[in-house]
Amino acid sequence: MNLNAFLVLTLSLSLYAQNLDEIMQALHQSKKVLSLESQASAKTEENSLFNTYEAPEIELGVVHAESTVESHRWTEYAVGVSQRLEHPFSSKSKNNVVSMLNGSVKQNLKHDIHVLELQTTSKYYSACMAKELNAKATILFSNQNKRLEQMYAAYKLGEVSKKDYLFYKLDILGLQKDVSRYQRAYLVELSNLEKHLDNTLVRDVECKDLVEPKRELQFNELQDHGEVKELAYQLQAANSMQSISDTNIDALGYSFGYEKEYDVDRYVFGVSMPLSFASSQKEKIQAKNLYTSTSLNESKEALHTSLQAKRKSSSLRLATYFDEYALLENEIVPLSEELVKLAEFAYISGEGSVLESITAARGYQENLLDMLKMKKEYYKEFFDLHIIADLDFGERNE
């Protein structure tokens, strides 16, 4: 199958990425990230409205009067300005509410982009492992196909039965089918990576920048987790809202104006404030803010418990994947490879049969592919754990 024939350049794909650094640069220019940044900016501006006042209102009035007793006409007019100030004596608390809400928005944006980075890196690693599986399976098929000729020759010489020959030929055909399946899997992984980026054509992945598997990861303190930080900002904002609702004066209005009535100049100034004690609204607002703070505290505790459980569960899975992969890489695959060499040498020396050589090669093939599949599963869990624990992958996690 021709890989380049499968990946067709379209107008919507304007960039090209091959290694992880280029792909990460493309991610930060993607519509997905730009959309998140725009949403965060909109929320920040919306939050800032809380610390603003309504604009003053100007009132103009003109009256034309005429006496019915005396032949006299005159004009009266008035001009005035008024404004309502919400929580005028809570500026510090209002500033803190806006600051904490905007801190929550920025933290949420940072966390969302970080998750996208880890998801993208995970897809890159998955594509790399699919590429390696495809390459190894192709080489194994080529080698096994050569051994099929040896098997056929042995069958003609009567060294192996027709049944054994046909069984081996079926194995080769099955491996050929697996090669096609691995090719398709690699193309699917590349396609998934492209769709995730939304602006990049990925023809191939370089895969020279992969980190080596490790059994354990070092975790940060839970209070440093992005989601926990976001909740902490929201909790501080809720506490400041509660302080605002506890103030004695909820609003203050003022007005001043000038009136000209016949031959009299009148200057007017007024102040107004709501009588909060005459309504249950203030109590309802206080109760709402109290419940909000309580809810956020409980959410924070629940998040701590959930993150601890998820980290532990994922860590255990990662360790088992690593142990199985390490066993395959360090012992089973090397022993299988050594057995292949010994069996081939014995066959060439006339001390072994072609069937022994082929059986050893089949075992090496299965173990090698199993090792690569396990490595692929390991990397998936590796990045899932990074996302769960909000770990920085950084400079290749060195």
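Small disclaimer: the values here were computed from a predicted structure and weren't measured.

Rules behind the numbers
- Residues numbered from 1 in each chain as written.
- Predicted model: local features only at pLDDT ≥ 70, side-chain atom pairs only at ≥ 80, totals over all residues.
- Heavy atoms only, no water.
- Disulfide = S-S within 2.5 Å.
- Helix = DSSP H or I, 4+ residues; strand = E, 2+ residues; numbered from the N terminus.
- Buried < 20%, exposed > 50% of the residue type's maximum accessible area, 1.4 Å probe, protein only.
- pLDDT = per-residue confidence, 0-100.
- Contact = heavy atoms within 4.5 Å.
- Core = buried A, V, L, I, M, F, W, Y, C linked by side-chain atoms within 4.5 Å.
- Phe/Tyr/Trp six-rings, centres within 6.5 Å; stacked < 30°, edge-to-face > 60°.
- Salt bridge = Lys/Arg side-chain N within 4 Å of Asp/Glu carboxyl O.
- Axes fitted to C-alpha atoms, helices over the stretch in contact; angles between N-to-C directions.
- Parallel < 35°, antiparallel > 145°, perpendicular 65-115°, else oblique.
- Left-handed = near helix turned anticlockwise from the far one by under 90°.
- Nonpolar A, V, L, I, M, F, W, Y, C, P; charged D, E, K, R; others polar.
- Expected span 1.5 Å × (residues − 1).

Draft legend 1. Examining the state of the cysteines more closely. Applying the stated criterion across every chain, the model contains one disulfide. Cys 128 shares a disulfide with Cys 207; S-S distance 2.1 Å. Linking Cys 128 and Cys 207, the disulfide has an S-S dihedral of approximately -100° and is accordingly described as left-handed. With a gap of 79 residues between them, Cys 128 in helix α4 (residues 91-156) and Cys 207 in the loop between β4 (200-201) and α6 (226-245) connect regions that are remote in the sequence. Cys 128 gets classed as buried once you look at its relative accessible area, which sits at 4%. Among the residues examined, Cys 207 registers a relative accessible area of 21% and is labelled partly exposed.

Draft legend 2. Spotlight on the confidence of the model for the protein chain. Chain-level pLDDT for the protein chain is 84 on average; 87% of the residues reach the 70-or-more range. Across the protein chain, element-level confidence peaks in helix α8 (residues 354-389) with a mean pLDDT of 93 and bottoms out in helix α1 (residues 3-6) with 40. Scored below 50 in pLDDT, residues 1-15 makes 22 contacts in the model with residues more than four places away or belonging to other chains.

Draft legend 3. Geometry of the nonpolar core. Residues Tyr 124, Tyr 125, Met 151, Val 205, Met 371, Phe 382 and Phe 393 are the most contacted members of the largest nonpolar core, which totals 64 residues. Within the residue set of this core, elements represented by two or more residues are α2 (20-28), α3 (31-48), α4, α5 (162-197), α7 (281-348) and α8. Broken down by element, the residue count for this core peaks at 18 residues, all from α4. Among residues more than four places away in sequence, those in contact with Val 205 are Gln 18, Tyr 124, Ala 127, Cys 128, Lys 131, Tyr 186, Leu 190 and Leu 193.

Draft legend 4. Broad picture of the environment of Val 188. Residue placement: Val 188 occurs in helix α5. In this structure, the C-alpha to C-alpha distance between Val 188 and Ala 127, residues 61 residues apart in sequence, is 8.4 Å.

Draft legend 5. Examining the side chain of Thr 121 more closely. Tracing the backbone shows Thr 121 in helix α4. Overall, Thr 121 belongs to the buried group, its relative accessible area being 3%. With near-sequence residues (within four places) excluded, Thr 121 lies in contact with Leu 20, Met 24, Phe 383 and Phe 393.

Draft legend 6. Geometry of the packing of aromatic side chains. According to the stated counting rule, one finds eleven aromatic pairs in the structure shown. Taken together, a centroid distance of 4.8 Å and an interplanar angle of 70° make the contact between Tyr 125 and Tyr 379 edge-to-face. Here Tyr 379 lies in helix α8 and Tyr 125 lies in helix α4, a separation of 254 residues in the sequence. For Tyr 379, a relative accessible area of 2% puts it in the buried group.

Draft legend 7. Broad picture of the pattern of salt bridges. Per the stated rule, a full pass over the model turns up eight salt bridges. With a shortest N-O distance of 3.1 Å, Asp 384 and Lys 380 are connected by a salt bridge. Here Lys 380 and Asp 384 lie together in helix α8, a separation of four residues that amounts to about one turn. For Lys 380, a relative accessible area of 47% corresponds to the partly exposed category. Each of Arg 215, Glu 216 and Asp 323 takes part in a single network of salt bridges with overlapping partners.

Draft legend 8. Summary view of the packing of α5 against α8. For the pair α5 and α8, interaxial distance at closest approach is 12 Å and the crossing angle is 20°. The orientation of α5 with respect to α8, classified from their angle, is roughly parallel. The two elements α5 and α8 cross, and the hand of that crossing is left-handed. Contact residues: α5 offers Asp 164, Tyr 168, Asp 171, Leu 175, Tyr 182 and Glu 189, while α8 offers Leu 355, Ile 358, Arg 362, Gln 365, Leu 369, Lys 373 and Lys 376. When its residues are assigned to classes, the contact of α5 with α8 shows six nonpolar, one polar and six charged.

Draft legend 9. Representation of the packing of α4 against α5 in the model. Interhelical geometry of α4 versus α5 gives an angle of 160° and a closest axis separation of 8 Å. Comparing the axis directions of α4 and α5 gives the class roughly antiparallel. Crossing handedness for the pair α4 and α5: left-handed. Residues belonging to the contact of α4 with α5 are distributed by class as follows: 23 nonpolar, eleven polar and seven charged.

Draft legend 10. Inspection of the side chain of Ser 357 at higher detail. By the secondary structure assignment, Ser 357 is in helix α8. Leave out the neighbours within four places in its chain, and Ser 357 touches Arg 147, Ala 343, Glu 344 and Tyr 347.

Draft legend 11. Here's a closer look at α6. The end-to-end C-alpha distance of α6, which contains 20 residues, comes to 29 Å, matching closely the 28 Å that a straight helix rising 1.5 Å per residue would cover. Gly 226, Val 228, Glu 230, Leu 231, Leu 235, Ala 237, Ala 238, Ser 240, Ile 244 and Ser 245 are the residues of α6 that are buried. On its buried face, α6 sits against α4 and α7.

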